[in-house]
Amino acid sequence: MTDTEPAPAVRETAEAIATMEIRGAATIASAAAEALAEQAEAAAEADATASDPEAFRASLRAAGRTLRETRPTAVSLPNALRYVLQRMEGETVDALRDSVVDASDAFVRQLDRAQDDLGEVGANRLADGDTVMTHCHSTDALACIEAAVEQGKSISAVVKETRPRQQGHITAEALREMGVPVTLIVDSAARRYLDEVDHVVVGADSIAADGGVINKIGTSGLAVNARERGVPIMTAAQTIKLHPETLTGHTVEIEMRDEAEVIESEAREAIGEVAVENPAFDVTPPRYMDAIVTEHGQFPPESIVTLMRELFGEGAAEPWAEQ
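Source: prediction; values computed, not measured.

(A) Representation of a negative patch on the surface. A cluster of acidic residues, Glu12, Glu34, Glu38, Glu41, Glu45, Asp102 and Asp105, forms a negative patch on the protein surface. Of all the secondary structure elements, the ones that give two or more residues to the negative patch are helix 2 (25–45) and helix 5 (93–123). Tallying contributions element by element places helix 2 first for the negative patch, with 4 residues. By the secondary structure assignment, glutamate 12 is in helix 1 (residues 8–18). Given a relative accessible area of 56%, glutamate 12 falls into the exposed group.

Structure below.
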């Protein structure tokens, strides 16, 4: 390993995040933090970095860049990198390594507690006998439903399949394991089934300072339909999903994924010359969302900026950047 070459564990984690083998904001953040700890352990043993604190720091920043580049919209990833790398301190390689490993461990422990706390907050918005509609797959949204079930509430679910990758199937399976009755529907049937739903619960890939919710494509349409039908909709999102860069005017990048997820090559050739686009996310304006539920409590979307400033200040550093 050279002084800036990521350790094999970092490259493997980056590949798994990029291919969505590792998915979900909390899972991505945890994996990134753990990969930095593994990078620290490897760098402390490598010939090029074991006795050179600055080379060690450079190797951690390089690992951070490798991880950061995998998913441009997954804001929990840079937030995890910020948490760990900003706590890297010490005058020796051993001290630097220990600070990174300790920060990684602390971050992962906080993540474990955060989802439980968030679930309790979100469960308080659900009543006994409610039917909820879900979109895509969000462990934060599932935590709210699971907490409600554990409180003894009877909950059923209408689950959108969420094309093109059908993450709704994962949600349906998880809900069945909780004992929740599930009706699986195609995405285009959502408006019809909203008449049978008491609450819509979605997750978030990231949340902007104005309260805009960036989530799996189709969330914004569902939110508009829910508002028209008078069905309350909440976003369940740990604070790792807040997007600090938007405090300084940064525009959230919407990831475009491979067209092969939408149409097979044979079918594309049979149709003829067509353009195929596959945006992974859309932005739901805050006026269509009733509440954002976090481990710190629930907030009107327009008020989330207060929590963001409290946690991240007025801007966002990039401790993985080259120096």
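Resuming the write-up.
(B) Inspection of unusual backbone geometry at higher detail. Along the chain, arginine 163 connects to proline 164 via a cis peptide bond; the corresponding omega equals 5°. Positive phi, close to 55°, is recorded for glutamine 166, a residue that is not glycine. Positionally, glutamine 166 belongs in the loop between strand 2 (156–160) and helix 7 (168–177). Owing to a relative accessible area of 28%, glutamine 166 belongs among the partly exposed residues under this scheme.

(C) Quick peek at the pattern of salt bridges. In total, this model carries 16 salt bridges according to the counting rule given. As a salt-bridge pair, arginine 257 and glutamate 255 come within 2.9 Å of each other at their nearest N and O atoms. We note that arginine 257, like glutamate 255, is buried.

(D) Seen up close, the packing of helix 1 against helix 3 (residues 53–68). The contact between helix 1 and helix 3 brings their axes to 9 Å, and the two run at 15°. It follows from the interaxial angle that helix 1 and helix 3 lie roughly parallel. Helix-helix and strand crossings are classified by hand; for helix 1 and helix 3 the assignment is right-handed. Contacts from Val10, Thr13 and Ala14 of helix 1 reach helix 3 at Ala63, Thr66 and Leu67. Its residues placed into classes, the contact of helix 1 with helix 3 shows 4 nonpolar, 2 polar and no charged.

Procedures and definitions
- Residues numbered from 1 in each chain as written.
- Predicted model: local features only at pLDDT ≥ 70, side-chain atom pairs only at ≥ 80, totals over all residues.
- Heavy atoms only, no water.
- Patch = residues over 30% accessible without salt bridge, like charges linked within 9 Å, V, L, I, M, F, W, Y side chains within 5 Å.
- Areas by Shrake-Rupley, 256 points an atom, 1.4 Å probe, with all protein chains shown as cover.
- Salt bridge = Lys/Arg side-chain N within 4 Å of Asp/Glu carboxyl O.
- Lys, Arg positive; Asp, Glu negative; His and termini not counted.
- Charge placed at Lys NZ, Arg CZ, Asp CG, Glu CD.
- Helix = DSSP H or I, 4+ residues; strand = E, 2+ residues; numbered from the N terminus.
- Buried < 20%, exposed > 50% of the residue type's maximum accessible area, 1.4 Å probe, protein only.
- Axes fitted to C-alpha atoms, helices over the stretch in contact; angles between N-to-C directions.
- Parallel < 35°, antiparallel > 145°, perpendicular 65-115°, else oblique.
- Left-handed = near helix turned anticlockwise from the far one by under 90°.
- Contact = heavy atoms within 4.5 Å.
- Nonpolar A, V, L, I, M, F, W, Y, C, P; charged D, E, K, R; others polar.

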